[in-house]
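Per-entry structural report
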Amino acid sequence: MTAWNFADVWETVAATLPEAPALVQGRRRLDWCEFDRRADALAAWLLAEGAEPGETVAQYLYSSPEYLVSVFAAFKLGLAPVNTNYRYAPSELAYLWDNADAGTVVFHGEFADRVDRVRAELPGPRRWVWVDDGSGPCPPWATDWDEIVASSPHDGPTLPRWGRSPDQLYLVYTGGTTGLPKGVMWRQDDLFALLNASAAVRHPDDGGLEGVAASLVKPGPVHLTAAPLMHGTGAFSSFMALSSGGSVITLVDRHFPVVEILDTVEREQVKSIAIVGDAMAKPLLAALDAEPGRWDISSLRVMTSSGVMWSAPVKQGLLAHAPRLLCVDTLGSSEAVGMALSVASADGERGRAGTASFTLGDDTKVLTEDGREVVPGSGEIGMIAMRGRVPLGYHKDPEKSAATFRHLGGSRWSVPGDYATVDADGTLRLLGRGSVCINTGGEKVYPEEVEEAVKGHPDVVDAVCVGVPDDRFGEVVVAMVELSPGAELDEQAVIAEVKEHLAGYKAPKRVHALASLDRAANGKADYKALTRRAVELTSDTGG
């Protein structure tokens, strides 16, 4: 049994490597000593303001040092941090903070008006902490972040009277496009152990804090999170870097600034970067291809993506610019971390992984609805399931918890809803989420599989496939695409491209071009909105 707690580990890092860099954003730099001090100051303020066990601390923030400082402060008090999607409408924010039992909301000034609209609807949050981002003054109902973290109330770590425990939580709210946000409850011990297994500096599994200190012989890796901290990919990869005694770089520009990213990789000698599939990888590759001698990115060793598909041609294009790079595509979700892995390298020794092709983890299987394991090479479709260290369930939602976290064959499994087949050699081939599965003429079509085939057309930058009602087939596949600058849509050529790789019934019946698919910051597509748009466009053009 282990008893990991993030606050204990990060305080050990701060004590061992106090002058090592911890948080960087543009010209702003915090070493580990200052990172720990600011988190202590916020934690002490929260206690003084009446924070109690059972409440949570919500981060309504863009990726920034303040985000991670507030997470650290919450961990110090055993209060669960709550990620908040900064694209949410007021009604979604009100639901989230009420459902999460938020006692404190830390927010960037840009969101002050929206927060003010929500406050009257909420009985829960009692503390509002305003982070200055140059967008206006601190509201009278909020407390200035800078005033809080400027204080140093005592020496030593801030400890709550109720103590710390490996059972204290980290809440990851996942909304997707299938309903209201759901709070995935991770025990800190389970999440830390999973992340530690793949960290750059792996601490002994049973070594405790003495083992952590002994592992930290020098500052750890420099990690840049291009993926937002409000989502699992950005947060989990940053937690790994911090627990390894490393530093986390967040971006100044809030709109995926390709030039800033590449400049930062060169200037800071970044070792690892977290992205979100082709939505981020393609613009990076386009910039490198356009100016191949501009940036020295030879420091990069690992580029990691999770949550959406990352196509093989884009990986290979990036590897041509950084031959020592590993492109690591992880299959996971907020409900299951590290289910499967796909690694591509320039020399091929670590694999030339294809799109949606993964090697299963030791505790990952593809199971049928009745709990049977899919036989490799059978062609049978099942759901990806992971056992072992999995979340406790969804916060305040026993019905959805029972549907996702299942007891099968004597084990407890997390079954997030991803469908896949298993090749004869054991390779997993991801099909996509059942929640957006298209039923056409009795055949199931998984949109993500078709989307990758559509993106094989040279003029297509991005694609989303949806089901549109049809009198004959029930539903037909319709592709919504974003084209390369200056390209014109050749609908039949795109359809033919898909038929070269997939069965004919999976090919889209219509293809519509949009200026943008408006993916969220984590790369996810809004399938509901795009389905409505596809229905409109297909109807306008006569089906």
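To be clear, the structure that these remarks concern was listed above.
The text that follows walks through the structure, step by step, so that each part is easy to find. (Residues numbered from 1 in each chain as written. Predicted model: local features only at pLDDT ≥ 70, side-chain atom pairs only at ≥ 80, totals over all residues. Heavy atoms only, no water.)

1. Here's the deal with the sheet that holds strand 26 (residues 460–470)
- The strand order across the open sheet formed by 3 strands is 26-27-28, and the pairing between neighbours is mixed. In the strand order of this sheet, the two ends are held by strand 26 and strand 28 (510–513), each with one partner. For this sheet, the mean angle separating the axes of adjacent strands, direction not counted, is 25°.
- Relative to the sheet, helix 16 (residues 527–540) contacts strand 26, strand 27 (474–483) and strand 28, its axis offset from that of strand 26 by approximately 70°. (Pairing = 2+ DSSP bridges. Helix = DSSP H or I, 4+ residues; strand = E, 2+ residues; numbered from the N terminus. Axes fitted to C-alpha atoms, helices over the stretch in contact; angles between N-to-C directions. Contact = heavy atoms within 4.5 Å.)

2. Section: the packing of helix 1 (residues 6–16) against helix 2 (residues 32–48)
- Following both chains from N to C, one finds helix 1 and helix 2 inclined at 135°, their axes separated by 8 Å at the closest point. For the element pair helix 1 / helix 2, the angle class is oblique. Here the hand of the crossing between helix 1 and helix 2 comes out left-handed. Contacts between helix 1 and helix 2 involve Trp10, Glu11, Val13 and Ala14 from the former and Trp32, Phe35 and Asp36 from the latter.
- Each residue belonging to the contact of helix 1 with helix 2 can be placed in one class, and the counts come to 5 nonpolar, no polar and 2 charged. (Parallel < 35°, antiparallel > 145°, perpendicular 65-115°, else oblique. Left-handed = near helix turned anticlockwise from the far one by under 90°. Nonpolar A, V, L, I, M, F, W, Y, C, P; charged D, E, K, R; others polar.)

3. With respect to unusual backbone geometry
- Of note, the phi angle at Asp101 is positive, near 60°, even though the residue is not glycine.
- Assignment of secondary structure puts Asp101 in the loop between helix 4 (90–99) and strand 5 (102–108).
- Despite not being glycine, Lys396 shows a phi value in the positive range, around 60°.
- For Lys396, the location among the structural elements is in the loop between strand 19 (393–394) and helix 13 (398–404).

4. With respect to the pairing of strand 16 (residues 357–360)
- Two strands pair when backbone bridges link them, and strand 15 (residues 336–345) and strand 16 are joined in this way by 2 bridges, in the antiparallel orientation. Bridging from a neighbouring strand, Leu341 pairs with Thr359 of strand 16.
- Bridging between strand 16 and strand 23 (residues 427–433) involves 3 bridges; their strand directions are antiparallel. Directly across from Thr359, in strand 23, lies its bridge partner Thr427.

5. A few points about the packing of helix 10 (residues 258–268) against helix 11 (residues 277–290)
- Where helix 10 meets helix 11, the closest approach of the two axes is 10 Å, and the angle between their N-to-C directions is 70°. Comparing their axes, helix 11 and helix 10 come out roughly perpendicular. Facing helix 10, whose interface residues are Val258, Ile261 and Leu262, helix 11 presents Pro283, Leu284, Ala287 and Leu288.
- In terms of residue class, the contact of helix 10 with helix 11 is built from 7 nonpolar, no polar and no charged.

6. Thoughts on the pairing of strand 28
- Of the strand pairs in this sheet, strand 27 and strand 28 are connected by 4 bridges, and their pairing is parallel. Counterpart to Val478 in the pairing with strand 28 is Arg510.
- After leaving strand 27, the chain enters helix 15 (residues 491–499) and then returns to the sheet as strand 28, a path that is right-handed. (Right-handed = clockwise from strand over helix to strand, strands pointing away.)

7. Here's the deal with helix 12 (residues 312–321)
- Within the span of helix 12, buried status applies to Ala312, Val314, Lys315, Gly317, Leu318 and Leu319.
- Where helix 12 is buried, its residues meet helix 11, strand 13 (302–306), strand 14 (326–333) and strand 15. (Buried < 20%, exposed > 50% of the residue type's maximum accessible area, 1.4 Å probe, protein only.)

8. Regarding the side chain of Glu66
- Looking at the element boundaries, Glu66 is found in helix 3 (residues 65–77).
- Look at Glu66 and you get buried, because its relative accessible area is 8%.
- Among all residues touching Glu66, those that are not within four sequence positions of it are Arg28, Leu61, Val131 and Trp145.

9. Some remarks on empty space enclosed by the protein
- Under the defined criterion, the tally for this structure stands at 2 cavities of 30 Å³ or more.
- If you add up the space inside the largest cavity, you get close to 70 Å³.
- In this structure, the largest cavity is lined by Ile261, Leu262, Val265, Ile273, Leu284, Leu288, Ile297, Leu300, Met303, Leu318, His321 and Leu325.
- Mapped onto the lining of the largest cavity, the elements with two or more residues apiece are helix 10, helix 11 and helix 12. (1 Å grid on protein atoms, 1.4 Å probe; cavity = no way out; pocket = protein on both sides within 12 Å on 5 of 7 lines; lining within 4 Å. Points joined across faces, edges and corners; volume = space filled by probe spheres on them.)

10. Considering the pattern of salt bridges
- Using the criterion set out here, one finds 37 salt bridges in the structure.
- The partner of Arg37 in a salt bridge is Glu34, with the nearest N and O atoms 2.9 Å apart. Taken together, the residues span about one helical turn, with Arg37 and Glu34 both in helix 2 at a distance of 3 residues.
- Of the charged contacts, one joins Arg126 and Glu55 as a salt bridge, the two residues approaching to 2.9 Å between their closest N and O atoms. Remark: Glu55 occurs in the loop between helix 2 and strand 3 (56–60) and Arg126 occurs in the loop between helix 5 (112–119) and strand 6 (127–131); sequence separation between them is 71 residues.
- We classify Glu55 as buried; its relative accessible area is 9%.
- The network of salt bridges with common partners includes Asp8, Glu11, Asp36, Asp40, Lys76 and Arg164. (Salt bridge = Lys/Arg side-chain N within 4 Å of Asp/Glu carboxyl O.)

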